[in-house]
Amino acid sequence: MNTEILTQNQETPIEKKKTIFSGVQPSGNLTIGNYLGAIKNWTDLQDKYNCIYCVVDMHAITVRQVPAELRRRTYETLAVYIAAGLDPEKNTLFVQSHVPAHAVLAWDLNCFTMFGELNRMTQFKDKSAKNADNINAGLFTYPVLMAADILLYQTDLVPVGQDQRQHLELARDIAVRFNNTFSDTFIVPEAYIQKTGMKIMSLAEPTKKMSKSDANPNASVAILDSKDDIIRKFKRAVTDSDTVVRYAEGKDGINNLMSIYSCFTGKDYSEIEREFDGKGYGDFKLAVGETVADSLAPIREKFDALMKDKKYLEEVMRSGADAAQRIAAKTVSKVHRKLGYVGL
Ligand code: TRP
């Protein structure tokens, strides 16, 4: 069902490109976890798929934001996308609040989502524990807005980390429920499993995922951190009382550093073990810090240049929003017809 066949001419039928959709919240400084786990892999998809990447500012306000910071981070997130190699000519890059169809479809889908389903979402439970003074309705219906994001574009594949799997599962359930109530309306999206589905852990508590909203600044490395900061953070990374650089169970800190080093250098674990044979953790941490800083330097440079050119970023936002809006409008009108709204 997902692979419509288009016929270019009699002999060579070509497959329509599948659509990929993903989003990042502009709610913190993007970390090397966001980079290695998501954005870096997306650059490999831009030729093969129809890729749509969104800066989800409407999701961000489910937690209180400082408006000026939200605005700055929205520009920054887009600039990071581009600096990391996502070509705005090949991908649709846009900001969620610029396409009102997200809010419109989210409302419709709210009426196809059960209270009990939302109440089971583990992220809602975690976030309401962390924000006990602001358990707003948006935090509760957050996964419905995410379902709208995905379903608006008739998305085939969604690259998401483990922590978003439950939300994607709900988006699938909502799509199936709507399709069954009326008739086929939405493509039922699937998770896109990335080749390097690396989960980068916190440098301070290596059993926890690295998070851009971690209160401890030494726990995460931002894509845009200075070289000195990056090296200092890696030097301080929590390891263990062993002294040998090797990948093994129980060595969460070292395992994490090895996987980061491996992502940036392409070396596998046994190569890394040989490289640091006879050397201590100090040498290894320094090498990881320098490698990460040097690999990120070109991205940082490009980012700085982009941030000086707000006009250009706004042009990208505008043309991305136009392209997104055109696709979204089709889905919304289809949905509204099926629901029984009067069309004018
Ligand atoms: N909830 C996702 C996160 O915090 C962000 C997101 C919003 C998203 N809409 C999406 C991811 C649609 C994938 C598809 O990581």
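Residues numbered from 1 in each chain as written. Predicted model: local features only at pLDDT ≥ 70, side-chain atom pairs only at ≥ 80, totals over all residues. Heavy atoms only, no water.

Peer 1: Before we move on, can you summarise the overall build of the chain with the specific residues and values?
Peer 2: When you go through the chain residue by residue, the secondary structure sums to 13 helices and seven strands. Here the C-alpha atoms of the chain give a radius of gyration of 22 Å, agreeing with the 20 Å that 2.2 N^0.38 yields for 344 residues. If one aligns the C-alpha atoms of the chain with their principal axes, the spans along those axes are about 75 × 60 × 40 Å. Within the chain, buried positions represent 49% of all 344 residues. As displayed, the chain offers around 17,000 Å² of accessible surface, 51% of which is attributable to carbon and sulfur atoms. For the chain, the distance from the average site of its 44 positive side-chain charges to the average site of its 44 negative ones is 3 Å. (Helix = DSSP H or I, 4+ residues; strand = E, 2+ residues; numbered from the N terminus. Rg over C-alpha atoms; globule rule 2.2 N^0.38 Å. Buried < 20%, exposed > 50% of the residue type's maximum accessible area, 1.4 Å probe, protein only. Areas by Shrake-Rupley, 256 points an atom, 1.4 Å probe, with all protein chains shown as cover. Lys, Arg positive; Asp, Glu negative; His and termini not counted. Charge placed at Lys NZ, Arg CZ, Asp CG, Glu CD.)

Peer 1: Describe the side chain of D108, and please don't skip the residues or the numbers.
Peer 2: With respect to the helices and strands, the residue D108 is situated in helix α4 (residues 101-110). Here D108 is buried and forms no salt bridge, its nearest opposite-charge partner R337 lying at an N-O distance of 13 Å. Setting aside chain neighbours within four positions, we find D108 in contact with V335, H336, L339 and Y341. (Salt bridge = Lys/Arg side-chain N within 4 Å of Asp/Glu carboxyl O. Contact = heavy atoms within 4.5 Å.)

Peer 1: Explain the site of the ligand residue by residue, including any values.
Peer 2: Residues in contact with the ligand amount to 13 residues; listed here are only the nearest, Q25, Y142, M146, D149 and Q164. Between the ligand and the protein, one listed contact pairs an oxygen atom with a side-chain N or O atom of Q25 at 3.3 Å. Q164 has a polar side-chain atom sitting 3.0 Å from a nitrogen atom of the ligand. Coverage of the ligand by the protein amounts to 89% of the 360 Å² it exposes when considered alone. Of all the elements in the fold, those that place two or more residues in the shell around the ligand are β3 (19-24) and α7 (137-152). No other element matches the four residues that α7 contributes to the shell around the ligand. Classifying every residue of the shell around the ligand by side-chain character gives seven nonpolar, five polar and one charged. (Near = heavy atom within 4 Å. Polar contact = N/O pair within 3.5 Å; in protein donor to acceptor, adjacent residues only side chain to side chain. Nonpolar A, V, L, I, M, F, W, Y, C, P; charged D, E, K, R; others polar.)

Peer 1: Residues and numbers for the pairing of strand β4 (residues 50-55), please.
Peer 2: Within β4, five of the six residues are buried, leaving the element largely enclosed by the surrounding structure. In this structure, β3 lies alongside β4, joined through six bridges in parallel fashion. Bridging across to β4, G23 finds its partner in C54. In this region the chain leaves β3, passes through helix α1 (residues 32-42) and returns to the parallel neighbour β4; the handedness of that crossover is right-handed. Pairing of β4 with strand β5 (residues 92-95) involves four bridges; the strand directions are parallel. Bridge pairing links V55 to V95 in β5. (Pairing = 2+ DSSP bridges. Right-handed = clockwise from strand over helix to strand, strands pointing away.)

Peer 1: Describe in detail the pattern of salt bridges, supporting the description with residues and values.
Peer 2: Per the counting criterion, the structure on display carries 15 salt bridges. The shortest N-O distance in the salt bridge between K208 and D214 comes to 3.7 Å.

Peer 1: Account for the side chain of K251, naming residues and giving values.
Peer 2: Here K251 shows up in the loop between α9 (227-235) and α10 (252-265). Reaching out from K251, the side chain makes a polar contact with the side chain of D242 at a distance of 2.7 Å. At a separation of 2.6 Å, a polar atom in the side chain of K251 contacts the side chain of Y281. When residues no more than four places from it in sequence are discounted, the contact partners of K251 are D240, D242, V244, R246 and Y281.

Peer 1: Outline the packing of aromatic side chains, listing residues and values.
Peer 2: Considering all chains together, one arrives at 17 aromatic pairs under this definition. Ring centres 4.9 Å apart and planes at 70° place the aromatic pair F124 and F140 in the edge-to-face group. Linking F124 in helix α6 (residues 122-130) with F140 in helix α7, this pair joins segments that are 16 residues apart in sequence. The exposure class of F124 is buried, given its relative accessible area of 14%. Grouped by ring-pair contacts, the aromatic residues F112, F178, F182 and F186 constitute a single cluster. (Phe/Tyr/Trp six-rings, centres within 6.5 Å; stacked < 30°, edge-to-face > 60°.)

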